Amino acid sequence: MAAKVPRNFRLLEELEKGEKGLGAEACSYGLADGDDLLMSNWNGTILGPPHSAHENRIYSLNIHCGDTYPDTPPTVQFVSKINLPCVDQRTGKVDPSRLPCLSQWKRDNTMETILIELRRYMALPQHKKLPQPAEGTTFG
């Protein structure tokens, strides 16, 4: 059985990967506040997938890693308005039960896993043509 990596080591690993841009080109993430010693609050960005209503759009998200991360998934909330079935249209919060990587969370999943899955979700045939709010609008 592999050793269980402590929360702060895991988050430092994710921070380094995010800062160096070693992840997927269409997604990025980093600490919201460099002075956040607990590394709880993160910003994420997703470039809208091509050939969809999201093309050429940049979506901003807030990601909160609680004390039990990575054993439990973070909370994810869009700042940029987006029309997707897994996103609460009042608050921008992603409904964990409607996004497989959150509903079937594995300790090996990362913030990048979530951002990539959200981007894939945007590109699904049933979602890619959904009418979207005006570009640049944000959740209250």
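Only a predicted model underlies this, so the values are computations on that prediction, with no experimental measurement involved. (Residues numbered from 1 in each chain as written. Predicted model: local features only at pLDDT ≥ 70, side-chain atom pairs only at ≥ 80, totals over all residues. Heavy atoms only, no water.)

(A) Geometry of the overall build of the protein. A tally of regular secondary structure across the protein gives three helices and four strands. Counting from the amino terminus, helix and strand elements in the protein follow one another as α-β-β-β-β-α-α. Radius of gyration (C-alpha) of the protein: 15 Å, near the 14 Å computed for a compact globule of 140 residues. Principal-axis analysis of the C-alpha atoms places the extent of the protein at approximately 45 × 30 × 30 Å. The 140 residues of the protein split such that 39% are buried. Of the contacts formed within the protein by residues at least 6 apart in sequence, a portion of 54% connects residues at least 24 apart. (Helix = DSSP H or I, 4+ residues; strand = E, 2+ residues; numbered from the N terminus. Rg over C-alpha atoms; globule rule 2.2 N^0.38 Å. Buried < 20%, exposed > 50% of the residue type's maximum accessible area, 1.4 Å probe, protein only. Contact = heavy atoms within 4.5 Å.)

(B) Spatial organisation of the environment of Cys-65. Its location among the elements puts Cys-65 in the loop between β3 (58-64) and β4 (75-78). For Cys-65, a relative accessible area of 0% puts it in the buried group. Taking the C-alpha atoms as reference, Cys-65 lies 9.1 Å from Leu-38; in sequence the two are 27 residues apart.

(C) A look at helix α1 (residues 7-20). Here α1 contains 14 residues, and its C-alpha end-to-end distance of 20 Å stays within 8% of the 20 Å for a straight helix at 1.5 Å per residue. Where α1 is buried, its residues meet β1 (27-31), β2 (41-47) and α3 (111-123). Looking one or two places after α1, you find Gly-21, whose phi comes out positive at around 65 degrees. (Expected span 1.5 Å × (residues − 1).)

(D) Molecular detail of the sheet that holds β4. Spatially, the four strands line up as an open sheet ordered β1-β2-β3-β4, and their pairing is antiparallel. Where the open sheet ends on each side, the last strands, each with one partner, are β1 and β4. Neighbouring strand axes in the sheet, compared pairwise and without regard to direction, differ in orientation by 25 degrees on average. Of the strand pairs in this sheet, β3 and β4 are connected by four bridges, and their pairing is antiparallel. What sits directly across from His-64, in β4, is Thr-75. Here α1 sits on the sheet and contacts β1 and β2; the angle it forms with β1, its principal contact strand, is near 125 degrees. This element, α3, spans β1, β2, β3 and β4 of the sheet and lies at about 35 degrees to β2. (Pairing = 2+ DSSP bridges. Axes fitted to C-alpha atoms, helices over the stretch in contact; angles between N-to-C directions.)

Don't take any of this as a statement about function, it's just geometry.
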